[in-house]
Every structure is written in C-alpha cells, then in structure tokens.
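Breakdown of the fold
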Amino acid sequence: MSRVQLVRRALLASVAALPFAMGVVHGHTYKADGLKVDHPYATPTPSGEKNSAVYFRSLENGGKNADALIGARADVAGRVDIRRTEPGSAVPEDLVIKEVNLPSGKGPSFRHDAASGYHLLLVNLNAPLKNGDRFPIWLTFRHAGEKKVMVWVQTPRGSQAPQHDHKH
C-alpha cells in the first residue's frame, strides 16, 4: 500500500471517529459520563407562539452512581424550565421543578406522548421553530456537569401538534 493510501485511510478513520470523540453517536444519540440522551427534539411553533418544548426519546444514566438534571439553557429562548406534566385534569398541568433524579438505569419519561413525564419548556423564543430546524441546548447535571446536545425540530409522529399547548 502506498504512503498516500495509508494517509488517506488514516484520515478517513479519524473523521469516522470524530462523532464518538465529541460524545455523539449515529442516530442522534449523545453519550457522556454514563449519561445517554437519545433523540432530543422540539415541537414546531405555530405563528405567534412564544414557547415550545424539548423532549427526548429517552434519558438514561448508565453510570453506577445516581445523577440529576438540574438545569438547561438554549440560545433560542429567554429561559428553559424543567417541567413535569401532571395528569388527572381535562388539561394536563405542568409544574416547574428544580431537578429530575436520574438513578442508575433507565430514566424517567421525557416523551411528548407520555401521560405523565417531563419536558423542557423553551420560554420566550427568539424566533418561531420550524420543522427541520436544529439548535444546541446545554443540559446541566449535578455530577456530570454541562453537556451540549443538538435538538431537532419536528412534528412528533402520529400527531400534528404536541399533546398540550405551551402557553404557560
């Protein structure tokens, strides 16, 4: 094999390994310090809506020790609240909470279609979110620190809108 072929092969291997070095795994999954954030996504906003929500297909703690999601921030919004949906009324009620405990293993639900679970509320958006947009969000964990993940804006499968509005 020629020197050029060896260099080309080494370069391709380095580029292929780059997403793993950055904590990103193919399939829109982010892993770091035992934490796994699978498919972070936000819902598009109708005209005039100033809030939206960020969900995850799953949020898991593969480490041996418990951790907690204690905050989040995103440049697309004035602030980001951690919210818990409380079922039981005609309109689900969202409560602002300070943290989400993440024991070792499978984490709590952060899905848009969960009757009871969590989401991140993007408050006072700078601009409407449209299908296909992407933006970074920084998740803050008690022990793992701050982790950046990329959020994709999409209409959830099987629905034209999120389960409840975000005019909190």
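Up top is the structure these notes are about.
Structural notes, computed from the coordinates. (Residues numbered from 1 in each chain as written. Predicted model: local features only at pLDDT ≥ 70, side-chain atom pairs only at ≥ 80, totals over all residues. Heavy atoms only, no water.)

**So, the pairing of strand β12 (residues 145–153)**
Both strand β3 (residues 35–42) and β12 contribute to a ladder of two bridges, which runs parallel. What sits directly across from Ala-42, in β12, is Val-153. Pairing between strand β11 (residues 134–141) and β12: eight bridges, direction antiparallel. In the sheet register, Arg-134 faces β12, and the bridge partner there is Trp-152. Remark: three residues form the turn of the hairpin made by β11 and β12, two consecutive strands paired antiparallel. (Pairing = 2+ DSSP bridges. Helix = DSSP H or I, 4+ residues; strand = E, 2+ residues; numbered from the N terminus.)

**Brief notes about unusual backbone geometry**
The phi dihedral of Asp-33 is positive, around 50 degrees, even though this residue is not glycine. Note on placement: Asp-33 falls in the loop between β2 (29–32) and β3. A relative accessible area of 55% means that Asp-33 is categorised as exposed. Residues other than glycine seldom take positive phi values, yet His-39 does so here, at roughly 50 degrees. Within the element layout of this structure, His-39 appears in strand β3. (Buried < 20%, exposed > 50% of the residue type's maximum accessible area, 1.4 Å probe, protein only.)

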